[in-house]
Amino acid sequence: MKKLIHTLLVGTLLTACLASTLTVNAMSVSPQNWWVGMQNSSFQIMLHETEVAKQQWQLVPYQGVTLKSITKTDNTNYAFINLEISPSAKPGKLLFKNQAGEQFEYSLLARTKHSANRQGFDSSDTIYLINPDRFANGDSSNDTVAEMKEGVNPSERGGRHGGDIQGIINAVPYLDELGVTQLWLTPPLENNMPSYSYHGYAITDFYNIDPRMGSNELYRELSSVAKQHGIGLVMDLVLNHFGSEHVWMKDKPTADWVNFNGEFAAGKNATSHARQTIQDPHASEFDKRQFSDGWFVSTMPDLNQRQPLLATYLIQNAIWWIEYADLSGIRVDTYSYSDKNFLADWTKAIMTEYPNFNIVGEEWTSNPAIASYWQAGKVNSDGYTSSLPSVMDFSLQEALIQALNEEESWNTGWVKVYESLANDFLYPNPDNLLVFADNHDMSRVYTELNQDLAKTKMAMTMLLTTRGIAQMYYGTEVLLDNTGSNDHGDIRIDFPGGFAGQKSNAFTGQGLTDDQVQMQQTIKTLLNFRQNSPAIAQGKLTHFSPKEGIYSYARISEQQSILVFLNKNTTVKNWSLDYMNEVVGSHKNATKLFTKQPVTLTKPLSLPAMSATVLVIE
């Protein structure tokens, strides 16, 4: 190995993407930097360079920092430096040297004030889910990047369309006016795959933003600009798998870094998707392994989180992004597919560093008995203890679509929603569940409701006023639609106004239909109401058994109560509130949210056909 002096200055590291492909005599260092004053004083640096493990690395004495050991593996191209950073350590630069004369600097930074006490997203929030490639193209110069394997191809449904982080930054004022309080971007990290890389879930560099999306610095700017508008940033992290073009597939850090010996074996080692095996007391070990260790597809190798060096890498990667980008939350893709003991350690490590933070895990099941297993505070029969604050409520999503599409009877229609919410006794904290009508992996709500504006309004009103944390998919406010195709490329349709040559513009209202304008105003009213509603943020949910095609409920706090009536009938209903005395109490007057009209609660309400009525009682 040639002598090479590596001076890794923090300024360079935080503004430029590091190459993740293996290059002889070019050392990569992960993470790029760290911080003093972290709750966990132990820290590990991964070095990757040809035969780097054959060198004897030493730390030039630095007060408060101790080099405890260096872990070497069966691959001499990797070395792991284990440090202890005491609470007394000050920000500065560590200097590492080896006997060959190589050296590199490593920056320890000061944390942002109150970083440890950052507030995560909660039930007062509305999270706006964006697929960056399909939202807005703010910088056409990065549509195609020379070193990236796939260029822009907007005519291809599975190709890259050119949306980027600058486009989202430009849209922040629109999102603020709409009433959004959190942004969830599908992974903007590097996906340097030959094709179908726009979605972001085949990561080839866990520490760098894809250059077709922007840069690390621009991602941090998005966080800062959004925060100035009262909007937090939620990062979508993938713990289960990565992209097959990652350097780890060419040069694995350890022989056991990837499940099934790094082989897909023509589908033999594919995941079974049988998530129930985790809780099933009768499940075979074979079936458990096939689910957790199996690959999704050949281009997404499955990570072995039982490997302790990988586990540490993934934990530190999450913490690095929280600190670097000032995140307010994390969404974890395919949560239950990772090793469950690792998941317990991962969530505990993050929540120990940030006690008020929030993390939501994707467990795609409509069975709340399975989903609730993962929420923190659940007492499980197998003794498993989770620290995951939130899970996605797929049960309510499925029930809501069924309820609005089915005829009303004793076991169809609104009763599906009622029964789904009645299962909240299974969850330790149902108010911290993520509720949604659709997302980037399923047909859009307007499509599922057969392009029915009235039903879509009812669906979104229900989701934005019931218990839980609300999540809305980009474009729902203007009725984006994938009727005729379930292809993900059509579900992740381009946002109107985000790309050159479009006839309509949701940002300005130009070219929108009357229905789109109506829906946008409905969403704007609901989202802005949520921001300042104590009934939504802290109120107790009390719902009533559906009758005569109407589902009704109340959200009650000390400062405010709201009453919601969802009328599926094709005729106006004269509706007495006698059965709601326990939630109405002595109140006699209320105000309609959408029309601002006063209402007398002692008289029957007139509920318009196919409509949602929200009454506010102060």
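Residues numbered from 1 in each chain as written. Predicted model: local features only at pLDDT ≥ 70, side-chain atom pairs only at ≥ 80, totals over all residues. Heavy atoms only, no water.

Engineer: What is the right way to read the overall build of the protein from this model?
Structural biologist: Regarding its fold elements, the protein presents 16 helices and 26 strands. Computed over the C-alpha atoms, the radius of gyration of the protein is 26 Å, within 12% of the 25 Å expected from 2.2 N^0.38 for a compact globule of 618 residues. For the C-alpha atoms alone, the extent of the protein along its principal axes is close to 85 × 55 × 50 Å. By the burial criterion, 60% of the 618 residues in the protein qualify as buried. Residue pairs at least 24 apart in sequence account for 72% of intrachain contacts in the protein once pairs closer than 6 positions are excluded. About 23,700 Å² of surface is accessible on the protein, with carbon and sulfur atoms providing 49% of the total. With 47 positive and 65 negative side-chain charges, the protein shows a spacing of 4 Å between the two charge centroids. (Helix = DSSP H or I, 4+ residues; strand = E, 2+ residues; numbered from the N terminus. Rg over C-alpha atoms; globule rule 2.2 N^0.38 Å. Buried < 20%, exposed > 50% of the residue type's maximum accessible area, 1.4 Å probe, protein only. Contact = heavy atoms within 4.5 Å. Areas by Shrake-Rupley, 256 points an atom, 1.4 Å probe, with all protein chains shown as cover. Lys, Arg positive; Asp, Glu negative; His and termini not counted. Charge placed at Lys NZ, Arg CZ, Asp CG, Glu CD.)

Engineer: I tried to follow the side chain of Asn259 on my own but got confused; where do I start?
Structural biologist: Looking at the secondary structure, you find Asn259 in the loop between α4 (247-250) and α5 (285-293). A distance of 2.8 Å separates the side chain of Asn259 from the side chain of Asp302, its partner in a polar contact. With near-sequence residues (within four places) excluded, Asn259 lies in contact with Ser292, Asp293, Trp295, Asp302, Leu303, Asn304 and Arg306. (Polar contact = N/O pair within 3.5 Å; in protein donor to acceptor, adjacent residues only side chain to side chain.)

Engineer: Please clarify how the side chain of His161 should be interpreted in this entry.
Structural biologist: Turning to its location among the elements, His161 is positioned in the loop between β9 (126-130) and α2 (165-178). Note on His161: relative accessible area 9%, which makes it buried. For His161, the side chain forms a polar contact with the side chain of Asp494, separated by 2.8 Å.

Engineer: Please explain the packing of helix α9 (residues 394-405) against helix α10 (residues 415-422) as it appears in this structure.
Structural biologist: Helix-helix packing: each pair is described by the crossing angle between the helix axes and the interaxial distance. Viewed as axis vectors pointing N to C, α9 and α10 meet at an angle of 165°, and their least axial separation amounts to 7 Å. Regarding the angle of α9 to α10, the classification is roughly antiparallel. Note on packing geometry: the crossing formed by α9 with α10 is left-handed. Contacts between α9 and α10 involve Ser395, Leu396, Ala399, Leu400, Gln402 and Ala403 from the former and Lys416, Val417, Ser420 and Leu421 from the latter. Counted by class, the contact of α9 with α10 contains 6 nonpolar, 3 polar and 1 charged residues. (Axes fitted to C-alpha atoms, helices over the stretch in contact; angles between N-to-C directions. Parallel < 35°, antiparallel > 145°, perpendicular 65-115°, else oblique. Left-handed = near helix turned anticlockwise from the far one by under 90°. Nonpolar A, V, L, I, M, F, W, Y, C, P; charged D, E, K, R; others polar.)

Engineer: Which parts of the structure should I look at to understand the environment of Thr76?
Structural biologist: Looking at where Thr76 falls in the secondary structure, it is placed in the loop between β5 (65-72) and β6 (78-85). When the C-alpha atoms of Thr76 and Asp143 are compared, they prove to be 37 Å apart, with 67 residues separating the residues in sequence. Ignoring any residue separated from it by four or fewer positions in sequence, one finds Thr76 in contact with Glu49, Glu51, Val52, Ala53 and Lys54.

Engineer: Is there a simple way to explain the pattern of salt bridges in this structure?
Structural biologist: The final tally for this structure, using the stated rule, is 28 salt bridges. Here Glu363 and Arg275 are joined by a salt bridge, their closest N and O atoms 2.7 Å apart. Pair noted here: Glu363 is in the loop between β15 (359-361) and α8 (368-371) and Arg275 is in the loop between α4 and α5, with a separation of 88 residues, a long-range link. Here Glu408 and Lys568 are joined by a salt bridge, their closest N and O atoms 2.8 Å apart. Taken together, the residues span a long stretch of sequence, with Glu408 in the loop between α9 and α10 and Lys568 in the loop between β21 (561-567) and β22 (573-575) at a distance of 160 residues. Judged by its relative accessible area of 13%, Lys568 is buried. Among the ionic contacts, a cluster of salt bridges with common partners joins Asp236, Arg331, Asp333 and Glu362. (Salt bridge = Lys/Arg side-chain N within 4 Å of Asp/Glu carboxyl O.)

Engineer: I keep staring at the confidence of the model for the protein and nothing clicks. Help me out?
Structural biologist: In low-pLDDT regions, the fine details of the predicted coordinates are not to be read closely. Predicted confidence across the protein gives a mean pLDDT of 95, with 96% of residues reaching 70 or more. Considering only residues more than four positions removed or in separate chains, one finds that residues 1-24, a stretch of pLDDT under 50, has 58 contacts. (pLDDT = per-residue confidence, 0-100.)

Engineer: For this particular structure, what's the right way to read α10?
Structural biologist: In an α-helix there are 3.6 residues to a turn, and that puts residues three or four apart on one side. Of all the residues in α10, the buried ones are Val415, Val417, Ser420 and Leu421. Its buried side turned inward, α10 meets α9, α12 (453-463), β19 (540-547) and β20 (550-556).

Engineer: Please clarify how the pairing of strand β3 (residues 42-48) should be interpreted in this entry.
Structural biologist: Here is the key point about a regular strand: its side chains alternate between the two faces of the sheet. Burial analysis of β3 places 6 of its 7 residues in the buried class, which makes it a mostly covered element. Sheet topology note: the strand β1 (residues 28-30)/β3 ladder contains 3 bridges and is antiparallel. Paired with Ser28 across the two strands is His48, which belongs to β3. Sheet analysis places β3 next to β6, joined by 7 bridges and oriented antiparallel. Residue pairing across strands places Gln44 opposite Asn82, the latter belonging to β6. (Pairing = 2+ DSSP bridges.)

Engineer: How do you make sense of the pairing of strand β18 (residues 469-473) when you look at a structure like this?
Structural biologist: In terms of residue burial, β18 counts as a mostly covered element, since 5 of its 5 residues are buried. What you see with β18 is no split at all: Ile469, Gln471 and Tyr473 on one side and Ala470 and Met472 on the other are buried throughout. Two elements, strand β17 (residues 434-436) and β18, share 3 bridges in a ladder whose sense is parallel. Among the inter-strand pairings, Phe436 is bridged to a residue of β18, identified as Gln471.

Engineer: Mind showing me how you'd approach α9 here?
Structural biologist: Here α9 contains 12 residues, and its C-alpha end-to-end distance of 17 Å stays within 8% of the 16 Å for a straight helix at 1.5 Å per residue. Most of α9 sits inside the fold, with 9 of its 12 residues counted as buried. Among all positions in α9, only Phe394, Ser395, Leu396, Gln397, Ala399, Leu400, Ile401, Ala403 and Leu404 are buried. Residues of α9 that are buried sit in contact with α8, α10, β17, α11 (445-448) and α12. (Expected span 1.5 Å × (residues − 1).)

Engineer: Sorry if this is basic, but what is going on with the environment of Gln397 here?
Structural biologist: Position of Gln397 among the secondary structure elements: in helix α9. When its relative accessible area of 9% is taken as the criterion, Gln397 is described as buried. As for Gln397 and Ala459, which are separated by 62 residues in sequence, their C-alpha atoms are 9.5 Å apart. Filtering out sequence-adjacent residues up to four positions away, Gln397 remains in contact with Phe436, Ala437, Asp438 and Met442.

Engineer: Whenever I open this one, the sheet that holds β5 confuses me. Can you help?
Structural biologist: Sheet strands pair via backbone hydrogen bonds, and the direction of the pair is either parallel or antiparallel. With respect to topology, 4 strands assemble into an open sheet ordered β1-β3-β6-β5, the strand pairing being antiparallel. Each having just a single partner strand, β1 and β5 make up the two edges of the open sheet. Between one strand and the next, the sheet's axes are offset by a mean angle of 25°, whatever the strand orientation. With respect to the sheet, helix α6 (residues 308-325) is in contact with β1, β3, β5 and β6, its orientation differing from that of β3 by roughly 105°.

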